[in-house]
There are 2 protein chains.
Amino acid sequence: MKAIILAGGCGSRLWPLSRDMYPKQLLSIGEDSSLLQQTVLRLQKYIGFNDILTVTNVQHTSEIKRQLDMLGENGAVLGEPLGKNTGPAVASALEYLQRNGANDEIVMILPSDHLIKDAEMFNRSIAEACELAGNGHIVTFGIKPGYPETGYGYVKSGEALGPGFKVDKFVEKPDLATAEKYLADGSYYWNGGIFVSRISVLLAEFERFMPEIFNNLNDMKFDNGQIDYRSYEKMPSISIDYAVMEKSDRIALVPLYSDWNDLGSWQAIYEVKPKDADGNVLSGRTVVHNVKNSLIYSQKEIVAVADLENIVLVETEDAIMACRMENSQNVKKLYEKLKAENSSAVMLHKTVARPWGYYSVTDSGDGYLNRTLCVLPHKKLSMHLHRQRSEHWVVLSGEAVVVTDNGEVRLNAGDSYDVPAGVKHSLQNPQETELKIIEVRIGKDLTEADIERF
Amino acid sequence: MKAIILAGGCGSRLWPLSRDMYPKQLLSIGEDSSLLQQTVLRLQKYIGFNDILTVTNVQHTSEIKRQLDMLGENGAVLGEPLGKNTGPAVASALEYLQRNGANDEIVMILPSDHLIKDAEMFNRSIAEACELAGNGHIVTFGIKPGYPETGYGYVKSGEALGPGFKVDKFVEKPDLATAEKYLADGSYYWNGGIFVSRISVLLAEFERFMPEIFNNLNDMKFDNGQIDYRSYEKMPSISIDYAVMEKSDRIALVPLYSDWNDLGSWQAIYEVKPKDADGNVLSGRTVVHNVKNSLIYSQKEIVAVADLENIVLVETEDAIMACRMENSQNVKKLYEKLKAENSSAVMLHKTVARPWGYYSVTDSGDGYLNRTLCVLPHKKLSMHLHRQRSEHWVVLSGEAVVVTDNGEVRLNAGDSYDVPAGVKHSLQNPQETELKIIEVRIGKDLTEADIERF
């Protein structure tokens, strides 16, 4: 059995914790592991680590690899050169699996950023889905609605089919009256976006209903775990639901018996978290007085709140967001306003993951910018120079090797080193422990743009 | 004519903008000058700069001197060695004025942190007060109530007396029903805490009603502009209102015709600020969607708010506070909770004023702490050493002179310098421009406590 985890997705709905460059699936949200890591850990009970393929936009591959590595093994990641929605992503991933030795196995396709709580019940759904998929069906997991949600798509179940049902139809997000009818009807399920099928069956449906996608698979190249731009560019941007599920007559439904939440808003996060006696979810350095039914999240600084109810207040290093709980989807409006202003606060966190480790901008002002760098064991920043700035390093912990045209210098905690503008340099961590450095940049151009690589 | 500005007062009511070490009178709150500076500028139309004496706790004298210096001349500041409320502060200041050449002039005593808007109307009140004070009265300024405020003390006016009234009595903060009666009655005024009197008249009343204070004045010493601890310690902690005003039969009232606000809460700040079409006061980097009648204050980072009304949200470098507008006095409850936890966020800002300039902690972590220092023109940090840490400096702008036992080194922008643990050093700014330095501290004790001075 194989799994394809869809880990594209942008960062607007849980802003300011999520960012364009650090979307929801990469976040931990008060847990030890990220939603992506939780998804992989959940799957590992059924599927070997090496049989799990994560598909994502190339800009997230290094951070996703880092998170998968933290789980103990090298995870397979397939990079999309541009965003094309889930249809092309799934078809390309199926092609990649086939080229890398998959037989006509059963494959499970699932989002990377949903919460599924009850592992044993999930187990039962998977077993039922595999039984139907083995008989040539494409199985979707349906969640029995608990209330008339208007934010999800629905699936209408038809006649019984083995342990599940045939699917009558997929329907769009309904208005409230329609959602209430669906709830009363009893045959409607939320579409959880989890699908199980034989690889050949799904590819045959792509061939039948989406030749614009299917016909580009044969010539597709996968160099360094990345889909080639030319093949991918030709594909239409379309979801797997529209591309295949709503057209195929092979679709079956298996109920997902477990607790499920798409964590698609701050309110959804609030709902799944344990609450104190006042109905509050408090995380980080918080102080409250007469606060009820609220989510207060502090990443770094003190967040103090008095006499408010039903609010969400989220503090991150460079942005604070407050909104009414029941309108928490309007965070998107704030995100869009900031995006229109070209604010970096929708793009990046202050702490940014890199292939060699991560950095954090701690302060900046007229003519200077300070960063903290962490270089992971045995990683390096390769040879480069800056025209417009000098860099000044102080080693906080670990050992650094600085290479310039003048040779190699070793630095330990407390040592400092100045790199003048125009001087080629590389920085390496030769040790098994992390290397931490304070960097002070001084000059006219302090951005990542002023760099020449060798 | 002389003036005594009372600039004690703590930092709880406008937390997190105010702190113990940076109380309300030192804040600008969106203006170019602080409330203290505004008070001095307002007085300067009537009273020469050298006839204004500011009394404050010694821990604030250097910052107050810095703020007064910014107004162009050296302001006289009298430091209290401990807090004793306004009675001892006023009596000591009167004694100080007499010893420093004051004749039996008229003195005006006023808080440093109130807002008085209409200078011309203030002018009229002062003229009227001087007329009555010249005749031996102690004049208090009464503000005609606009609504039944329960947070202020009141003064009941009696029969007409020249341009003002005799005072029947001072009364405590009333409950709402009583405040409504006062408002309807028409003879009650808010007690603005501004008094005008001849120096000799006020001292005579201290002698008569408060010998515990008066009898300690004769032996009081004023070395380096600081009241001596032994004399001050003996005095009771009591307000000028209780000590003299409520007992004396010389009290007269003059209406303060100007707009007046004690700025005693975030709601009061909101009320005096210009508002946008949605009734919002937005300051700094803010983004809002469907927000009404709210005060959103960003000191540094982005503050984004959606779908909330009547809230106060204040962001500072190390603390974020949100509360309901009409309960904004409950900020004190948050402040007290943090104080009970010994949180530094009630004491200091990240940016801290020093006699030589100011510093800001920009980042800290395991074994390191980063600061930005600004050394003012011609100021210096005198010779000292640290046992437990090394310091690493990079000059951002200006020129630095570093003196160690090895001699003197001059540093310009982009130069760096390492001070190992145990090495004596001093840092000077020899220029007319500010010196800005990034400092990285590495070691076991990174606090201000690890210092030996020479």
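Scroll up a little and you will see the structure.
Since the structure is predicted, the reported quantities are computational estimates derived from the model, not experimental observations. (Residues numbered from 1 in each chain as written. Chains lettered and ligands numbered in written order. Predicted model: local features only at pLDDT ≥ 70, side-chain atom pairs only at ≥ 80, totals over all residues. Heavy atoms only, no water.)

Attention shifts here to unusual backbone geometry. In this chain, Trp-15 of chain A is followed by Pro-16 of chain A through a cis amide linkage whose omega measures 5 degrees. Along the chain, Pro-16 of chain A falls in the loop between strand 1 (2-6) and helix 1 (35-43). Its identity as a non-glycine residue notwithstanding, Asp-307 of chain B has a phi of 60 degrees, on the positive side. The topology assignment puts Asp-307 of chain B in the loop between strand 17 (302-306) and strand 18 (311-315). Of note, His-378 of chain B is a non-glycine position whose phi angle comes to about 65 degrees, a positive value. Tracing the backbone through its elements, the reader meets His-378 of chain B in the loop between strand 22 (368-375) and strand 23 (380-385). (Helix = DSSP H or I, 4+ residues; strand = E, 2+ residues; numbered from the N terminus.)

So, on to the sheet that holds strand 21 (residues 357-365) of chain B. All names here are of chain B. Pairing is antiparallel in the open sheet, where six strands are placed in the order 20-21-22-29-24-27. Here the strands that pair on one side only, and so sit at the sheet edges, are strand 20 (351-354) and strand 27 (416-419). Here the strands of the sheet are splayed against their neighbours by 20 degrees on average, with no regard to which way each runs. One ladder, built from eight bridges, connects strand 22 with strand 29 (residues 435-443); its direction is antiparallel. Note that in strand 29 the partner of Cys-374 across the bridge is Lys-436. (Pairing = 2+ DSSP bridges. Axes fitted to C-alpha atoms, helices over the stretch in contact; angles between N-to-C directions.)

A separate point is the pairing of strand 28 (residues 425-428) of chain A. Both strand 23 (residues 380-385) of chain A and strand 28 of chain A contribute to a ladder of three bridges, which runs antiparallel. Opposite Leu-381 of chain A, over in strand 28 of chain A, you have Leu-427 of chain A as the bridge partner.

This next bit is on the pattern of salt bridges. Residue and element names in this part refer to chain A. For the structure shown, the criterion picks out 41 salt bridges over all chains. Close ionic contact of Glu-301 with Arg-285 constitutes a salt bridge, the shortest N to O distance being 4.0 Å. Separated by 16 residues along the polypeptide, Glu-301 in the loop between strand 16 (295-298) and strand 17 (302-306) and Arg-285 in the loop between strand 14 (281-283) and strand 15 (286-289) bring together distant segments of the chain. A relative accessible area of 10% means that Glu-301 is categorised as buried. The class for Arg-285 is partly exposed, based on a relative accessible area of 44%. Across the pair Glu-448 and Arg-371 runs a salt bridge whose closest N-O atoms are separated by 3.2 Å. Highlighted residues: Glu-448 in the loop between strand 29 (435-443) and strand 30 (452-453) and Arg-371 in strand 22 (residues 368-375), separated in sequence by 77 residues. Given the relative accessible area of 34%, Glu-448 is considered partly exposed. (Salt bridge = Lys/Arg side-chain N within 4 Å of Asp/Glu carboxyl O. Buried < 20%, exposed > 50% of the residue type's maximum accessible area, 1.4 Å probe, protein only.)

As a further point, take the relation of the copies chain B and chain A. The operation relating chain B to chain A is a screw motion whose rotation component is 180 degrees, with 0.1 Å of axial translation and a residual RMSD of 0.2 Å. In symmetry terms, the pair is related by a two-fold rotation axis. Of the C-alpha atoms belonging to chain B, the one lying closest to the rotation axis is found on Thr-362 of chain B, 3.2 Å away. The fraction of interface residues of chain B whose copies in chain A are also interface residues reaches 100%, indicating that both copies meet through the same surface. (Least-squares fit on C-alpha atoms with pLDDT ≥ 70 in both. Contact = heavy atoms within 4.5 Å.)

What follows deals with the interface of chain B and chain A. The interface is formed by 50 residues belonging to chain B together with 50 residues belonging to chain A. When the two sides are added together, the surface that chain B and chain A hide from each other amounts to roughly 4200 Å², 63% of it contributed by carbon and sulfur. In this assembly, chain B and chain A are joined by zero salt bridges. On inspection of chain B and its partner chain A, the count reaches 22 residue pairs in polar contact (both at pLDDT 80 or more). Sort the elements by how many residues they give to the side of chain B that touches chain A and strand 19 (residues 319-324) of chain B lands first, with six residues. Class assignment for the residues of the side of chain B that touches chain A results in 26 nonpolar, ten polar and 14 charged. In terms of strand pairing, strand 19 (residues 319-324) of chain A meets strand 17 of chain B through five bridges, oriented parallel. Paired with Ala-319 of chain A across the two strands is Ile-302 of chain B, which belongs to strand 17 of chain B. (Buried area = accessible area lost by both parts, 1.4 Å probe. Polar contact = N/O pair within 3.5 Å; in protein donor to acceptor, adjacent residues only side chain to side chain. Nonpolar A, V, L, I, M, F, W, Y, C, P; charged D, E, K, R; others polar.)

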